[in-house]
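# Breakdown of the fold
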Amino acid sequence: MTAEMREKARQQFTLPDGRGIHLQLPRGSVLYPGDVLLTEKGEAIIRVIAEPEAVYTIRANHPLALLRAAYHLGNRHVAMEVTEQYLRIKPDHVLLHLIEQLGSLCITEEHSPFLPDAGAYVHHHH
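Residues numbered from 1 in each chain as written. Predicted model: local features only at pLDDT ≥ 70, side-chain atom pairs only at ≥ 80, totals over all residues. Heavy atoms only, no water.

Right, let's get into the overall build of the chain. Regarding its fold elements, the chain presents three helices and eight strands. Taking the principal axes of the C-alpha coordinates as reference, the chain spans close to 55 × 30 × 25 Å. The buried share of the chain, taken over its 126 residues, is 35%. (Helix = DSSP H or I, 4+ residues; strand = E, 2+ residues; numbered from the N terminus. Buried < 20%, exposed > 50% of the residue type's maximum accessible area, 1.4 Å probe, protein only.)

Printed below as a string of structure tokens:
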């Protein structure tokens, strides 16, 4: 599932084996890789995986440069994966220009799993 799919509480999709799934989760739910979805009877049916998708991965030679990039991107309220080594966002030319203006950053266009930081107000169900 892409990051966007993992944030949709109500959706329908087809499993690789052809079975149709109708997903109904509480509003505000976010699925994480490794989560297991259960039927209404409590039977495990699938394990969630993060599907690789188009992303910009931002790295820096200096931690402060990465912190500054996180601050400026965070001000724009974009979905962002935050790690000690890199930041990851969905491709966006306006944001790419902003990041390039900050300097001291290496931006790579990649096809990778995207695990945006959920923030303080999202309910995580296990």
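So, about helix α3 (residues 93–102). Here α3 has its buried residues at L95, L96, L98, I99 and L102. Each buried residue of α3 sits inside an arc of 160° when the element is viewed along its axis, so together they form one side. Away from its buried face, by an angle of more than 90 degrees, α3 presents the exposed residues H93, V94 and Q101. Where α3 is buried, its residues contact β5 (53–60), α2 (63–74), β7 (87–89) and β8 (105–112). Between the side-chain oxygen of the N-cap and the backbone nitrogen of V94 there are 2.9 Å, and the N-cap of α3 in question is D92. (Arc of directions from axis to C-beta. Contact = heavy atoms within 4.5 Å. Polar contact = N/O pair within 3.5 Å; in protein donor to acceptor, adjacent residues only side chain to side chain.)

This brings us to the nonpolar core. In this structure, I58, L73, L87, I89, I99 and L105 are the most contacted members of the largest nonpolar core, which totals 16 residues. Put simply, the parts of the chain that give this core at least two residues each are β5, α2, β7 and α3. In contact with I58, not counting residues within four places along its chain, are L66, L73, Q85, Y86, L87, I89, I99, L105, C106 and I107. If you look at the next biggest cluster of nonpolar residues, it comprises 11 residues, including I21, L25, L31 and V48. (Core = buried A, V, L, I, M, F, W, Y, C linked by side-chain atoms within 4.5 Å.)

Moving on, we come to the packing of α2 against α3. Relative to each other, α2 and α3 sit at 145°, their axes nearing to 10 Å. Note on packing geometry: the crossing formed by α2 with α3 is right-handed. Residues R68, A69, H72 and L73 of α2 form the contact with α3, whose participating residues are L95, L98, I99 and L102. Looking at the contact of α2 with α3 residue by residue, the classes come out as six nonpolar, one polar and one charged. (Axes fitted to C-alpha atoms, helices over the stretch in contact; angles between N-to-C directions. Left-handed = near helix turned anticlockwise from the far one by under 90°. Nonpolar A, V, L, I, M, F, W, Y, C, P; charged D, E, K, R; others polar.)

Attention now goes to the side chain of T57. Structurally, T57 can be placed in strand β5. Given a relative accessible area of 0%, T57 falls into the buried group. Filtering out sequence-adjacent residues up to four positions away, T57 remains in contact with Y86, L87, R88, C106, I107, T108 and E110.

With that settled, the discussion passes to the side chain of S29. As for its placement among the helices and strands, S29 is situated in the loop between β2 (20–24) and β3 (36–38). Polar side-chain contacts of S29 include one of 2.6 Å to the backbone oxygen of P26.

Let's shift gears to α2. In this model, α2 (12 residues) spans 16 Å end to end at C-alpha, consistent with the 16 Å of a helix rising 1.5 Å per residue. Among the residues of α2, A65, L66, A69, A70 and L73 are the ones counted as buried. One face of α2 carries all of its buried residues, which in axial projection span an arc of 140°. Pointing more than 90 degrees away from the buried face of α2 are the exposed residues P63, L67 and Y71. Buried-residue contacts for α2 involve β5, β6 (80–82), β7, α3 and β8. (Expected span 1.5 Å × (residues − 1).)

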